[in-house]
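# Breakdown of the fold
Here is how the chains run, residue by residue.
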Amino acid sequence: MVKTVIWNWQEGQYLRNTSIDLGISLSDLGDPVFWQGIFSVIFGQINTVIVFTGGIAVIFIVALAFLYKDVLQERFAGKETVEDEGDFSQARPYIAANSFFFILCAGAVIAAQSLTWLAGLADALKESTYATNAYDYKAITYVRYMGPFLGPVCLCGLSALYHKKEEARKYLTPSLVAVGIFQIVWIGFILPHVYKSRAASEVFTAFGWYDIVNSTRSMGLSVYLMGSVALAVVFGVCCIFYRKRNVLAPMIKYY
């Protein structure tokens, strides 16, 4: 009734995107191509977020990981942490709970998309292994559904980083390693499959000065690799500021 009457946008039509047919069976999961598709979506979407936040999202996640450790040690091991600035010691459990909830929400969305797009993605990988224009490759960079959950996570991460800015330097090494791993996986194992896909490139078009609607220029690596170059520059500048414990200056890029 909801789909056919209450939200019926046109008489006789169903509301779009209200039902899902996975199109796969448990036996399909024995095929390595299906696992390649699942991990491509997971790594691809996380990498897309990393690129478009200039790597700052990774630093926020690392800061939150240290925050979770402090909260757990305080609650279960009875270990008292160093006194925080202002009232942050009281706010810390709430920041941990809220950020963890929204991280789970984002993770659930990515996991769901890795399954709902899997049948078409696996077919695309089987038909032509490299450099096709298959529409289903779009799932690898399709972050708009999990995007709303990232704002609260980044705000909580910024709060954790700001109140622990004297420890900002120790967050940089694990963040650099994480960014490096995702870029290696992206460039070495995922990009060779998708770099000619117009659908997958929609979120990256700004980096290649490419008009997805009007341009007749063929899709190429430049659209994606410029994103990696921008990530390297922005992340490098952010690391310089964080080494100097100036945690607010990198936020200028968001305004």
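I will try to describe carefully the structure that is included in this document. (Residues numbered from 1 in each chain as written. Predicted model: local features only at pLDDT ≥ 70, side-chain atom pairs only at ≥ 80, totals over all residues. Heavy atoms only, no water.)

### Brief notes about helix α5 (residues 118-127)
What counts is decided by this rule: The cut-offs for exposure are 20% and 50% of the maximum accessible area for each residue type, with area from a 1.4 Å probe on protein chains only; residues under the lower value are buried, those over the upper are exposed, and the others partly exposed. Put simply, DSSP marks the helices as runs of H or I at least four residues long and the strands as runs of E at least two long, and each gets a number from the N terminus on. The contact definition used throughout considers only heavy atoms, calling two residues in contact when any of these lie within 4.5 Å.
Burial analysis of α5 places seven of its 10 residues in the buried class, which makes it a mostly covered element. Turning to α5, its buried residues are Leu118, Ala119, Gly120, Leu121, Ala122, Ala124 and Leu125. Those residues of α5 hidden inside the fold are in contact with α2 (32-52), α4 (88-116) and α7 (168-194).

### Concerning the pattern of salt bridges
A pair can form between side chains of opposite charge whenever their charged atoms are brought close. This is how the line gets drawn: We define a salt bridge as a side-chain nitrogen of Lys or Arg found within 4 Å of a carboxyl oxygen belonging to Asp or Glu.
Applying the stated criterion across every chain yields a total of six salt bridges. The closest approach of N and O atoms between Asp70 and Lys69, which form a salt bridge, is 3.6 Å. Overall, Lys69 belongs to the partly exposed group, its relative accessible area being 38%. In the salt-bridge network here, residues are joined through shared partners; they are Lys164, Glu167 and Lys170.

### Side note on the environment of Phe149
Inspection of the secondary structure assignment puts Phe149 in helix α6 (residues 147-163). When the C-alpha atoms of Phe149 and Gly107 are compared, they prove to be 9.5 Å apart, with 42 residues separating the residues in sequence. Contact partners of Phe149, with chain neighbours within four places excluded, come to Phe102, Cys105, Ala106 and Val109.

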